[in-house]
Amino acid sequence: RVLDFDLAPDGLWAVYRTEDGQVWIGSLQDARRAQLDADALPPAALAPTDRTLVWSPDGITISYIVAGGVRVAFPGADGAPIYTDFTDRLYTNLTIAPNGGRLAVQDVNDTWTVFTVTKTNGSPQSVTRTAVVDRPAEAAWLDDNSLILAPAMGGLLRLNVINTISEGETRLMVAWEKPDGHFTKLTHTLDGTIRAFYHELNEGQGTPIAILGSGEVSAV
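Within each chain, residue numbers correspond to sequence positions counted from 1 in written order. The predicted nature of this model means local features are confined to residues of pLDDT at least 70 and side-chain atom pairs, given and counted, to a pLDDT of 80 or more, with totals for whole chains, interfaces and linings taken over all residues. Here the side-chain values reflect all heavy atoms present in the structure, with hydrogen atoms and water set aside.

Peer 1: Describe the packing of aromatic side chains, and please don't skip the residues or the numbers.
Peer 2: What characterises a pair of aromatic rings is the spacing of the ring centres plus the angle enclosed by the ring planes. Note on ring pairs: Phe, Tyr and Trp rings are taken, using the six-membered ring of Trp, and paired if centres are within 6.5 Å. Classes follow the plane angle, with under 30 degrees stacked, over 60 edge-to-face and the rest tilted. In the structure shown here, the tally under the stated rule is three aromatic pairs. A centroid spacing of 4.5 Å and a plane angle of 45° characterise the contact between Phe86 and Phe115, whose relative ring orientation is tilted. With a gap of 29 residues between them, Phe86 in strand β8 (residues 81–86) and Phe115 in strand β11 (residues 112–120) connect regions that are remote in the sequence. Its relative accessible area of 10% is what places Phe86 among the buried residues. In DSSP terms, a helix is any run of H or I states spanning at least four residues, a strand is any run of E spanning at least two, and both are numbered starting from the N terminus. Each residue is assigned to one of three classes by its accessible area relative to the maximum for its type, calculated with a 1.4 Å probe on protein chains only: buried under 20%, partly exposed between the two thresholds, exposed over 50%.

In structure tokens form, the structure reads like this:
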């Protein structure tokens, strides 16, 4: 029984996970398949809308939630996968930046942790924790360096990932924050905007809207 899946950027392959804790890569043109991971049990309880498995838009990394955290797999020099695990939190949901350079992962408290994939000559070398946003929210990537959040208490927030040369670290900086409105179901679109639903409390799904990088909200 398949619990979750995602497609490769070229549309010719799929990565999928089974309820017994295996992750496979399979061809969509023939019967070829290969096991990526034999020990990747999912969390005990998942919501139907949780995204637990993503194939990076650059085609290189595959990230997925496991029972004890989140795992990122990318090919090593010999072709065998290299795994990096983060087990600091009980993660449930993830979203990847448009170019595959960053990953935002939500935990059971609905707060987010941002990870960065470090590359050398186009090949991933490591995955590092960039920052933690201890604020219950929904989130979507605007671009590889900007994350839009809709806090559970209302409003919108744009966080930019910046490199501080003087301090030698990477962190999140608030670009703007808007306190009004309630937004749900945030998702990145190919036109460079975020689509979501705007609603008043207890008014169902709401009205579809677009969120621009400037923070402007317009009806769809």
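Peer 1: How would you summarise the pattern of salt bridges if you had to cite specific residues and measurements?
Peer 2: Oppositely charged side chains may form a pair once their charged atoms are brought near each other. We count a salt bridge whenever a side-chain nitrogen from Lys or Arg sits within 4 Å of a carboxyl oxygen from Asp or Glu. The final tally for this structure, using the stated rule, is 10 salt bridges. Here Arg71 makes a salt bridge to Asp37, at a shortest N to O gap of 2.7 Å. Placement of the pair is Arg71 in strand β7 (residues 69–75) and Asp37 in strand β4 (residues 33–37), with a sequence separation of 34 residues. Take Arg71: its relative accessible area is 12%, and that puts it in the buried class. Among the ionic pairs, Asp134 bridges to Arg89, the shortest N-O distance being 3.0 Å. With Asp134 in the loop between β12 (123–133) and β13 (137–143) and Arg89 in the loop between β8 and β9 (91–96), this pair connects stretches of sequence that are 45 residues apart.

Peer 1: Please give an account of the sheet that holds β4 that cites residues and values.
Peer 2: DSSP bridges decide pairing: two strands pair if at least two such bridges lie between them. Spatial strand order, β1-β2-β3-β4: four strands in an open sheet with antiparallel pairing. With one partner strand each, in any of the chains shown, β1 (2–7) and β4 form the two edges of the open sheet. Across the sheet, the axes of successive neighbouring strands diverge by a mean angle of 25°, strand direction being ignored. Summarising the sheet, strand β3 (residues 23–27) and β4 pair through four bridges and their orientation is antiparallel. Looking at β4, one finds that Gly26 is bridged to Arg33. Orientation is described by axes fitted as lines to C-alpha atoms, over the contacting stretch for helices, and by angles from 0 to 180 degrees between their N-to-C directions.

Peer 1: Please give an account of the side chain of Asn93 that cites residues and values.
Peer 2: Mapped onto the elements of the fold, Asn93 is located in strand β9. For Asn93, a relative accessible area of 14% translates into the label buried. Side-chain atoms alone can form a polar contact between residues adjacent in sequence; in general such a contact is a pair of N or O atoms within 3.5 Å, and within protein one must be able to donate a hydrogen while the other accepts it. Among the polar contacts listed, one links the side chain of Asn93 to the backbone nitrogen of Arg51, at a separation of 2.7 Å. Discounting residues that sit within four places of it in the chain, Asn93 has contacts with Thr49, Asp50, Arg51, Ile65, Ala104, Val105, Gln106 and Trp112. Only heavy atoms matter for contacts: two residues are in contact if any of them lie within 4.5 Å across the pair.

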